[in-house]
Amino acid sequence: MTDLLNSLLLQIKQTGPITVADYMNICLLHPKHGYYSKQDPFGKKGDFITSPEISQVFGELLGLCLAQNWIDQGMEPFSLVEAGPGRGTLMADILRATKSVPDFHKNMSIHLIEESPALKKIQRETLSNFCVQWHKSFDHLPKKQIYFIANEFFDALPIRQFKKTKTGWSEILVSQQENKLIFCLGNKIPLTAIPHRIKDTKLGDIIEICAAAKPIMKFLSGQIMNYGGCAIIIDYGANHLKGNTLQSVKNHNKINTLKLPGNSDLTAHVDFTELTKDLSNILVTKTTRQGTLLKRLGIINRMEKLTSNLKENQKIDYKAAAQRLIEPNEMGALFKAIALYPSKLTAPAGFDL
Ligand code: SAH
């Protein structure tokens, strides 16, 4: 039994079932026992691997994409912001690739949004050559042009789940039975409580709502509208999601979501329609497959260049990593990207408009 399981069981016995959002929040970010708070979960030896950890070209191409958009928008002083930077690998790759873009580094201040003390420590080491400011939330970011990136950040934000029943929506809650965590249904709420999901759902359907994403998207769109810049968001998910997408991963395998609280990763697919709904006065690109985006940004050529002086077996490894990022049956199709950018200005390169 994990430490966190004990404390969750106690809490539920004392004060009753908790929402899936509270469960995710506690499992991922509990100050002592939270999955991200206490450890580095990435890589072959960890529980899962992300695109920047697979290949440096991911961050290099996205960095140059941001830099091109910065040039298109007049080369003003700006904040380079990443949310949920993990080990800092994506930011390090962006910074290396943009070093040769004239004046880019001179005009930039770097900001990372991170909750986990363990990962912050690793980011500090990865980015030790740069002046970086860390924030726990978006509130204190500078009021200037922003170039924002987030890979697999929004999937870690807590979601609430609702099931459509004959009499209304019921919230799915986490409860306990005989010292084991179980899911149960909470009180009914009126069908009209989730008005935008009345028409496209039928009895028994589950929908998910990520309330935590809303203020972040509002902040980003406000910042882009007022000061310019752009935001690139990459994650796995789709438009108009339906169904239970909560998943838990341990040692690169999916496991029961209630089995190892605090010791396994817990995520939910990102609903890009919901994420970008109601954003006014800025433009949002269509969701673009990761594979399509990276190919348009030149991943094949970049790989050829990067590997031209390597031995044959090394070439194979590098190219296999790039293929993993773009192949539809690997990460190329499930992972999608969107960009937010100012009205009347050019969208970042590579996105479907
Ligand atoms: N972007 C990285 C890591 C993705 S994992 C990569 O692609 O490799 C999710 C990251 O988001 C971790 O750094 C985690 O600590 C951070 N995170 C999760 N929830 C957060 C929250 N509510 N606020 C800030 N950071 C959060």
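Here the structure is shown first, and the text comes after it.
A. Structural detail: the pattern of salt bridges. Under the criterion given, the structure shown has 16 salt bridges. We note a salt bridge from lysine 242 to aspartate 205, for which the minimum N-O separation is 3.5 Å. Note that lysine 242 is positioned in the loop between strand E10 (229-238) and strand E11 (247-250) and aspartate 205 in the loop between strand E8 (180-189) and strand E9 (206-209), a separation of 37 residues in sequence. By relative accessible area, which is 41% here, lysine 242 ends up partly exposed. Between arginine 296 and aspartate 352 there is a salt bridge whose closest N-O contact spans 2.8 Å. Taken as a pair, arginine 296 in helix H10 (residues 290-296) and aspartate 352 in the segment after strand E17 (335-342) lie far apart in primary sequence, 56 residues in all.

B. Expanded view of the sheet that holds E11. Here we have 3 strands laid out as an open sheet, ordered E12-E11-E13, and antiparallel in their pairing. Edge positions in the sheet fall to strand E12 (253-255) and strand E13 (265-267), since each has one partner strand and no second. For this sheet, the mean angle separating the axes of adjacent strands, direction not counted, is 40°. Note that E11 and E13 share 3 bridges and pair antiparallel. By the bridge assignment, valine 249 is partnered in E13 with aspartate 265.

C. Examining the site of the ligand more closely. In the neighbourhood of the ligand, 18 residues make up the surrounding shell, with Thr50, Gly84, Gly86, Glu114 and Asn151 lying closest. Between the ligand and glycine 84, the relevant distance is 2.6 Å, taken from a nitrogen atom to a main-chain nitrogen or oxygen of the residue. At 3.0 Å from an oxygen atom of the ligand is found a main-chain nitrogen or oxygen belonging to glycine 86. In the complex, the protein chains occlude 95% of the 570 Å² of accessible area that the ligand would expose alone. Of the residues that constitute the shell around the ligand, the class distribution is 9 nonpolar, 5 polar and 4 charged.

D. A look at the packing of aromatic side chains. Applying the stated criterion across every chain, the model contains 10 aromatic pairs. Geometrically, the ring pair formed by phenylalanine 138 and phenylalanine 148 is tilted, given 6.0 Å between the ring centres and 45° between the ring planes. You can see phenylalanine 138 sitting in the loop between strand E4 (132-135) and strand E5 (145-151) and its partner phenylalanine 148 sitting in strand E5, a full 10 residues away along the chain. Grouping residues by exposure puts phenylalanine 138 and phenylalanine 148 together as buried. Between the NZ or CZ atom of arginine 124 and the centre of the ring of tryptophan 134, over which it lies, the distance is 4.7 Å.

E. Quick peek at the pairing of E8. Sheet topology places strand E7 (residues 169-177) next to E8; 8 bridges connect them, and they run antiparallel. For glutamine 176, the partnering residue across the bridge sits in E8 and is leucine 181. Linking E7 to E8, which pair antiparallel, is a turn of 2 residues; within it glutamate 178 sits at a positive phi near 45°.

Conventions adopted
- Residues numbered from 1 in each chain as written.
- Predicted model: local features only at pLDDT ≥ 70, side-chain atom pairs only at ≥ 80, totals over all residues.
- Heavy atoms only, no water.
- Salt bridge = Lys/Arg side-chain N within 4 Å of Asp/Glu carboxyl O.
- Helix = DSSP H or I, 4+ residues; strand = E, 2+ residues; numbered from the N terminus.
- Buried < 20%, exposed > 50% of the residue type's maximum accessible area, 1.4 Å probe, protein only.
- Pairing = 2+ DSSP bridges.
- Axes fitted to C-alpha atoms, helices over the stretch in contact; angles between N-to-C directions.
- Near = heavy atom within 4 Å.
- Polar contact = N/O pair within 3.5 Å; in protein donor to acceptor, adjacent residues only side chain to side chain.
- Areas by Shrake-Rupley, 256 points an atom, 1.4 Å probe, with all protein chains shown as cover.
- Nonpolar A, V, L, I, M, F, W, Y, C, P; charged D, E, K, R; others polar.
- Phe/Tyr/Trp six-rings, centres within 6.5 Å; stacked < 30°, edge-to-face > 60°.
- Lys NZ or Arg CZ within 6 Å of the ring centre and 35° of its normal.

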